[in-house]
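Take a look at the letters that make up each chain.
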Amino acid sequence: MGRTARDRDDRHPRPVKRIELFEKYPEVRLGVVVVLLLIGMCAFGYSLISFLTVDAGWTTIEAGSSEADCSGELIFQYYIGAGELSATAEKRAVKKLYSELTRTSYQLFHTSQGFDGVHNLYYINQHPNEEIEVDEMLYEAFSMIEKHGNRAVYLAPVYVQYSNLFGCNDDVETVDFDPYQNEEIARYFADIASFAGDKDAIDIQLLGDHRIKLYVSDAYLNYAAENGF
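Values in this document were obtained by computation on a predicted structure and should not be read as measured data. (Residues numbered from 1 in each chain as written. Predicted model: local features only at pLDDT ≥ 70, side-chain atom pairs only at ≥ 80, totals over all residues. Heavy atoms only, no water.)

## Some points on helix 8 (residues 218–227)
Let me state the cut-off plainly: We call a residue buried when its accessible area falls under 20% of the maximum for its residue type, exposed when it is over 50%, and partly exposed in between, using a 1.4 Å probe and counting protein chains only. Secondary structure is summarised from DSSP: a helix means a run of H or I of at least four residues, a strand means a run of E of at least two, and numbering begins at the N terminus for each. Within this analysis, the arc is defined by the directions that extend from the helix axis to the C-beta atoms. Any two residues having at least one pair of non-hydrogen atoms within 4.5 Å are treated as being in contact.
Restricting attention to buried positions, one finds in helix 8 the residues Y220, Y223 and A224. Relative to the axis of helix 8, the buried residues are bounded by an arc of 100° and lie together on one face. Turned more than 90 degrees away from the buried face of helix 8 sit D218, A225 and E226, all of them exposed. Where helix 8 is buried, its residues contact helix 6 (156–166), helix 7 (183–196), strand 4 (202–208) and strand 5 (211–216). Of the residues one or two after helix 8, G228 is the one with positive phi, at around 75°.

## Describing the nonpolar core
The criterion, for reference: Throughout, nonpolar core names a set of buried Ala, Val, Leu, Ile, Met, Phe, Trp, Tyr and Cys residues whose side chains join them through atoms within 4.5 Å.
Of all hydrophobic cores here, the largest spans 23 residues; its most connected members are I124, V134, F142, I204, I212 and Y220. Those elements giving two or more residues to this core turn out to be helix 4 (121–126), helix 5 (136–148), helix 7, strand 4, strand 5 and helix 8. Ranked by residue count, the leading element in this core is helix 7, at six residues. For I204, the contacting residues outside a window of four places in its chain are I124, F142, Y154, I212, K213 and L214.

## Considering the sheet that holds strand 3 (residues 131–133)
Selection rule: In this analysis, strands are considered paired if DSSP registers two or more bridges between them. Every angle, taken between N-to-C directions, lies between 0 and 180 degrees, and every axis is a line fitted to C-alpha atoms, over only the stretch in contact when it is a helix.
Taking strand neighbours across the sheet as the criterion, the three strands line up as 3-5-4 in an open arrangement whose pairing is antiparallel. With one partner strand each, in any of the chains shown, strand 3 and strand 4 form the two edges of the open sheet. This sheet shows a mean twist of 30° between the axes of neighbouring strands, independent of strand direction. In the sheet, strand 3 pairs with strand 5 via three bridges, with the strands oriented antiparallel. Counterpart to E133 in the pairing with strand 5 is R211. Contacts between helix 5 and the sheet are confined to strand 4 and strand 5, with strand 4 contributing the most and set at about 120° to the helix.

## What to know about the pattern of salt bridges
Put simply, the test is: Throughout this description, the term salt bridge denotes a Lys or Arg side-chain nitrogen within 4 Å of a carboxyl oxygen of Asp or Glu.
Considering all chains together, one arrives at two salt bridges under this definition. When the shortest N-O distance is used, the salt bridge between R211 and E131 registers 2.8 Å. Remark: E131 occurs in strand 3 and R211 occurs in strand 5; sequence separation between them is 80 residues. Notably, a salt bridge pairs D203 with R151, separated by 3.0 Å at the nearest N-O pair. With a gap of 52 residues between them, D203 in strand 4 and R151 in the loop between helix 5 and helix 6 connect regions that are remote in the sequence. A relative accessible area of 12% places D203 in the buried class.

## A short note on the packing of aromatic side chains
Defined as follows: Pairing of aromatic side chains requires ring centres within 6.5 Å, counting the rings of Phe and Tyr and the six-membered ring of Trp. Pairs whose planes differ by under 30 degrees are stacked, by over 60 edge-to-face, and all others tilted.
Throughout the structure, instances matching the rule amount to 13 aromatic pairs. When the ring of Y188 is compared with that of F189, the centres are 6.1 Å apart and the planes differ by 45°; the resulting orientation is tilted. Residue classification places Y188 among the buried positions, given a relative accessible area of 13%. Residue class for F189 comes out buried when judged on its relative accessible area of 11%. Clustering of aromatic rings is evident, with ring pairs tying together Y162, F166, Y188, F189, F195, Y220, Y223 and F229.

Put into structure tokens, the structure is as follows:
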């Protein structure tokens, strides 16, 4: 029984001993901590400055706007540091301007979407035979088209059909869009080409002061309505 009693007593936890720690030189410990913190802060600051500092030379500029833009279709390289500004400040200014221009261009030249307060290509197409004030960038583009006598911009209905053709997954599907396989599509393309080449049928008229008018004849308007564009 005595052995059993001892086994039972051994299962009781031993008394907790209180141990007091004696710290020597608390000032030294504090000083070491402060020095380590200063080293860490300096290293972080140096890394941050190195990351934000731009070296002079050719640099690829990327748009920083969160809005939709056309920068994904472009590679813009700019020589940083040749002006009076520092390379870092100049890159920041160029990036801001590039972001604004790619966003504006995306909105102005969009053909299937409108934007509040923006008279873009989509808006112009929806308002034929109306005087419209447009952005200077768009007006200059129309001026360049007129200067070179380019009528290809009026072939948009043909481009839509070719876009559908290129999107076909099988040769069997192409017959509905390919003018070389479909006589009806061939006649349709010929009609569009005839209208596009005739300034009396369709034309962008430059009225000055950034005002334009998409002139479309009654015959072409009727044809467009009959063909759903």
